[in-house]
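Here's the letter readout for the chains.
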Amino acid sequence: MPFQDIRGHEKQISILRNAMARNRTPHAYLFCGMKGVGKKTTALVFAKAINCQTGLLDACDACPSCRKIDHQNHPDVIMIEPEGQFIRIKEVRDLQDQMKFRPFEGGKRIFILANADQMNGPAAHALLKTLEEPTRANLLILISSRPYQLPMTILSRCQHLRFSPLSRETVCRHLREHLSITPEAARMLASSSGGSIGRA
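Everything quoted here is computed from the prediction, not taken from an experiment.

## Thoughts on the overall build of the protein chain
Then, number 1: Within the protein chain one finds eight helices and five strands.
Then, number 2: When the helices and strands of the protein chain are read in sequence order from the N terminus, they spell out α-β-α-α-β-α-β-α-β-α-β-α-α.
Then, number 3: For the protein chain, the spread of C-alpha atoms along the principal axes amounts to about 50 × 40 × 30 Å.
Then, number 4: Out of the 200 residues in the protein chain, the part that is buried amounts to 46%.
Then, number 5: For the protein chain, the share of sequence-separated contacts (at least 6 apart) that also reach a separation of at least 24 residues comes to 73%.
Then, number 6: When the accessible surface of the protein chain is split by element, carbon and sulfur atoms take 50% of a total near 10600 Å².
Then, number 7: Here the protein chain holds 28 positive side-chain charges and 18 negative ones, and the gap between their average locations is 4 Å.

Printed below as a string of structure tokens:
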């Protein structure tokens, strides 16, 4: 999936592409907003665009790098998610160990922390040390629907990108394009989704 297939977040995508074009991506982003609006999807497309072998500031979905990210086996794109209720310090320690190495194949090593607000205290403290000592070869993307649960010391060290709820028309169009449902059903689901494709 290239950037153009992400619905309703043109401003956020423009910010990301401009940072890539100027080769000035920060060491850490916080993608925040309600669940199901496309934060994780955008993070993965961003990771693909950074490491895409075409160098066109977007994902081509055809080169070996893009395909590996799609199949979740790219050595330089690591997804970290809660195991059970929390992201624990072990996951953050593993992340820190991997950050010691240069990228194996891509331009950057990208670490995506899904549901970052579920880090327990020791994990958040350990991650803070990483944010205080950034390296150019690594990029952290924290994803959260509850950023207020994260310590201010972490929030202050990330560039924030807020993802707003999607319009009813955007949700409806996405449902019609990706699911075999009637236009009436798509409109009904979109109306009750609250702007979240995931909820719809």
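On we go.
## Some thoughts on the side chain of Glu91
Then, number 1: For Glu91, the location among the structural elements is in helix α4 (residues 89-98).
Then, number 2: Buried and unpaired, Glu91 has Lys90 as its nearest opposite-charge partner, separated by 5.1 Å.
Then, number 3: Setting aside anything within four residues of it in sequence, one finds Glu91 in contact with Ile80 and Glu83.

## Looking at the pattern of salt bridges
Then, number 1: This structure, assessed with the given rule, holds nine salt bridges.
Then, number 2: Two residues, Lys48 and Asp61, come together in a salt bridge whose shortest N-O distance is 2.4 Å. In this pair, Lys48 sits in helix α2 (residues 39-51) while Asp61 sits in the loop between α2 and α3 (64-70), placing the two residues 13 residues apart along the sequence.
Then, number 3: What makes Lys48 buried here is its relative accessible area of 2%.
Then, number 4: The residue Arg157 makes a salt bridge to Glu132 at a minimum N-O spacing of 3.5 Å. You can see Arg157 sitting in the loop between α6 (152-155) and β5 (159-163) and its partner Glu132 sitting in helix α5 (residues 121-132), a full 25 residues away along the chain.
Then, number 5: The exposure class of Arg157 is partly exposed, given its relative accessible area of 28%.

## Things to note about α5
Then, number 1: Here α5 spans 17 Å end to end across 12 residues, near enough to the 16 Å set by a 1.5 Å rise per residue.
Then, number 2: Turning to α5, its buried residues are Ala123, Ala124, Ala126, Leu127, Leu128, Thr130 and Leu131.
Then, number 3: In this structure Asn120 caps α5, since a side-chain oxygen of it lies 3.0 Å from the backbone nitrogen of Ala123.

## Details of helix α7 (residues 168-178)
Then, number 1: All buried positions along α7 are accounted for by Thr170, Val171, Cys172, His174 and Leu175.
Then, number 2: Contacts from the buried residues of α7 go to α8 (183-191).

## A short note on the packing of aromatic side chains
Then, number 1: Evaluation of the coordinates by the stated rule reveals four aromatic pairs.
Then, number 2: Ring geometry for Phe31 and Phe163: centres 5.2 Å apart, planes at 45°, overall tilted. Taken together, the positions of Phe31 in strand β1 (residues 28-33) and Phe163 in strand β5 put the pair 132 residues apart, joining distant regions of the chain.
Then, number 3: Members of the aromatic cluster, connected to one another through ring pairs, are Tyr29, Phe31, Phe46 and Phe163.

Calculation rules
Residues numbered from 1 in each chain as written. Predicted model: local features only at pLDDT ≥ 70, side-chain atom pairs only at ≥ 80, totals over all residues. Heavy atoms only, no water. Helix = DSSP H or I, 4+ residues; strand = E, 2+ residues; numbered from the N terminus. Buried < 20%, exposed > 50% of the residue type's maximum accessible area, 1.4 Å probe, protein only. Contact = heavy atoms within 4.5 Å. Areas by Shrake-Rupley, 256 points an atom, 1.4 Å probe, with all protein chains shown as cover. Lys, Arg positive; Asp, Glu negative; His and termini not counted. Charge placed at Lys NZ, Arg CZ, Asp CG, Glu CD. Salt bridge = Lys/Arg side-chain N within 4 Å of Asp/Glu carboxyl O. Expected span 1.5 Å × (residues − 1). Polar contact = N/O pair within 3.5 Å; in protein donor to acceptor, adjacent residues only side chain to side chain. Phe/Tyr/Trp six-rings, centres within 6.5 Å; stacked < 30°, edge-to-face > 60°.

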